[in-house]
Amino acid sequence: MDKNMEAVAPEEKKSLNFIEQKIEADLAEGKNGGKVQTRFPPEPNGYLHIGHAKAIALDFGMAEKYGGVCNLRMDDTNPQKEDMEYVNAIKRDIEWLGFKWGNILYASDYFQQLWDLAVELIKRGKAYVDEQTAEEIAAQKGTPTQPGQNSPYRDRPVEESLKLFNEMNSGKMEPGKMVLRAKIDMASDNMHFRDPIMYRVMNMPHWRTGNTWNAYPMYDYTHGQCDYWEGVTHSLCTLEFVSHRPLYDLFVDWAKEVAGDDKPMDDNRPRQTEFNKLNLTHILLSKRNLLMLVNEGVVNGWDDPRMPTISAFRRRGYSPEGIKAFIDKIGYTKFDALNQMSLFESAVRDDLNKRAQRVSAVLNPVKLVITNFPEDAVETYTAINNPENEADGTHEIEFSRELWIERDDFMEDAPKKFFRLGPGKEVRLKNSYIVRCPEENCCKKDADGNIVEIYAELIPETKTGEANCNMKIKGKTIHWVSCKHCVEAEVRNYDRLWMVENPRDEVSNYSKEQGKNRIDIEDMRKFINPESLEIKKAYVEKWCTTKKPLDYLQFQRIGYYTPDYDSTPEHLIFNKTVGLKDNWKK
RNA sequence: GGAAGUAUGGUGUAAUGGUAGCACAACAGAUUUUGGUUCUGUUUGUCGUGGUUCGAAUCCACGUACUUCUACCA
């Protein structure tokens, strides 16, 4: 009678990560009215990459899990770097990953509010206009181990600051001439508290607000207040912002005070929580360095399948589900981890195995002649599209006397554990006959000794359902395409772009050794794999011409592939997503 | 010389004072008309030294190592 109880699988308990624990604790305490709201705040100055995907999965994931919204908020406080083009790319990438935002907002929506708050802070003696140069301010700032010094302008009259602040935005003030700073503590251990800059003069139109503003707010002065005004409860960001948190909290406190928010200081406010950035072996995520790869033509654009951008991953044939499964596996902690590419690939393969339709493609062809099959005969077989998913159906393939098989599937002098073709050896041709090579004269060679043709005889009645179909042989099953019925295709095989495990550190260390203070393209070339792209001609079965870009395919026994954007039925192009796991060693 | 954060097998991550578990990787075997998938098994770990406790990966102290912080970037 206990058997029934055992049969019920226990609900798999997944432990909560530290952020989920914190959210649940906040919820239990009734903070922010028991609500969860998040935001994903990209700066629209470049393409999203796999590191952003980790943040996206958390920001949107937490809102979804706890019944709140996640807004998409463009962090557009620096008109010098940002552009509309990126906004669209960012939206497309998030949608492709399968997330939905509540509203699309912009930091620039808050420019007026931020300005008004700044004016009020000046009036309250919490901010002042500093007329020193950037160099002077930097020199005064001190170092982490030495306190800074107060600016001579720190205690200037409120009216003076107010007047100058207005001039900063007039369009007539020379950029760099003056800045608005918060009056906090020049001796603080936290460098961000040493009178941080709130506003700088740029005299530059903003792609959204036009010529309305000439002075623009800084990130630190912007982020917390936007979160607060928007109703964000949990502001999730990466670990390098830990030391910004006290400043984030301070500006939120000030905004609450000025707003006359009578809720207690520790309630009705956003809380910043930091998690570890994604870091993967053999990839590099620095935006500046990726830009260099594009500009120097090391790769063919931001969505070159060797790039770590979301758009490149899409083009390469990784699935959103596979990417998300990987992110789920690595988790969110406070440890500066370096994740292995093998974990990513295993997550992707696991997903693709369920989705990809199986086709035959021969990448390194050599001709196999079935000597006892008539010249002009053709047989048609039914091939299963995906053994992992019966609903995917079947398609037809054709067989004839001359076939292309992989060069690797034949060896004259084979090691003991080689279970493919060779003198006197038998293999199963996938979906077709078992064939046997003769002991003697099993292949023809050219003058240089290269094999140009292999000969084999089919063994009758060995096809599916026939009398000898269950015949046991030592050989494996190999794939093939019929010479007369296949089509030619361009195949782009990608290998890792970086030859070292941790290009982030290796490139930067090398650059320093060269006495440079900035990484340049030559530093990077030192570690770039010169053979990261291999373009080759291949023979694929005809059914492949029906496949659309980004369809998930498996070239049987080789790997996962997807048609490129530029692929057409007349000129097929396939990108390699990832190889199949290969357990065969010599 | 300061401050903040972090430390669990090769890698990543659980265990929230009470049996150190999971995944990837590696290795071995079974199944297989993909050397894929699936299944089974094996190997490998709490940074160090003290302390508190019946009991410590977990709490405390002191070390050590790594990360971050000195942009008019975000």
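Residues numbered from 1 in each chain as written. Chains lettered and ligands numbered in written order. Predicted model: local features only at pLDDT ≥ 70, side-chain atom pairs only at ≥ 80, totals over all residues. Heavy atoms only, no water.

Enquirer: Requested: an account of the environment of Ile 478, with residues and values cited.
Expert: On the secondary structure map, Ile 478 appears in strand 20 (residues 477-478). Given a relative accessible area of 0%, Ile 478 falls into the buried group. In this structure, the C-alpha to C-alpha distance between Ile 478 and Ile 50, residues 428 residues apart in sequence, is 36 Å. (Helix = DSSP H or I, 4+ residues; strand = E, 2+ residues; numbered from the N terminus. Buried < 20%, exposed > 50% of the residue type's maximum accessible area, 1.4 Å probe, protein only.)

Enquirer: Talk me through the sheet that holds strand 26 (residues 572-579); I want residue IDs and the actual numbers.
Expert: One open sheet holds the 7 strands; their spatial order is 10-24-25-26-22-23-11, and the pairing between them is mixed. Only two strands of the sheet have a single neighbouring strand rather than two, namely strand 10 (357-359) and strand 11 (361-362). In terms of strand pairing, strand 24 (residues 553-555) meets strand 25 (residues 559-563) through 3 bridges, oriented antiparallel. Counted as the bridge partner of Leu 553 is Tyr 561 from strand 25. Taken strand by strand, helix 13 (residues 341-355) contacts strand 10, strand 25 and strand 26, and its axis lies near 125° from that of strand 26. (Pairing = 2+ DSSP bridges. Contact = heavy atoms within 4.5 Å. Axes fitted to C-alpha atoms, helices over the stretch in contact; angles between N-to-C directions.)

Enquirer: Explain the packing of helix 5 (residues 111-123) against helix 7 (residues 158-168) to me, using residue names and the numbers behind them.
Expert: At a minimum axis separation of 9 Å, helix 5 and helix 7 run at an interaxial angle of 160°. In this view, helix 5 runs roughly antiparallel relative to helix 7, as classed from their interaxial angle. The handedness of the crossing between helix 5 and helix 7 comes out as right-handed. Residues Trp 115, Ala 118, Val 119, Ile 122 and Lys 123 of helix 5 pack against Val 158, Ser 161, Leu 162, Phe 165 and Asn 166 of helix 7. For the contact of helix 5 with helix 7, the class distribution of residues is 7 nonpolar, 2 polar and 1 charged. (Parallel < 35°, antiparallel > 145°, perpendicular 65-115°, else oblique. Left-handed = near helix turned anticlockwise from the far one by under 90°. Nonpolar A, V, L, I, M, F, W, Y, C, P; charged D, E, K, R; others polar.)

Enquirer: Help me get a handle on the protein's contact with RNA strand B, residues and values and all.
Expert: Around RNA strand B sit 67 residues, and of these Gln 21, Arg 358, Gln 554, Arg 557 and Asn 583 come closest. Within the side chain of Arg 358, an N or O atom sits 2.4 Å from a base oxygen of RNA strand B. Trp 584 places a polar side-chain atom, nitrogen or oxygen, 2.6 Å from a base nitrogen of RNA strand B. Those elements that provide at least two residues to the surface near RNA strand B are strand 6 (197-201), helix 12 (320-330) and helix 13. Split into classes, the residues belonging to the surface near RNA strand B amount to 19 nonpolar, 27 polar and 21 charged. (Near = heavy atom within 4 Å. Polar contact = N/O pair within 3.5 Å; in protein donor to acceptor, adjacent residues only side chain to side chain.)

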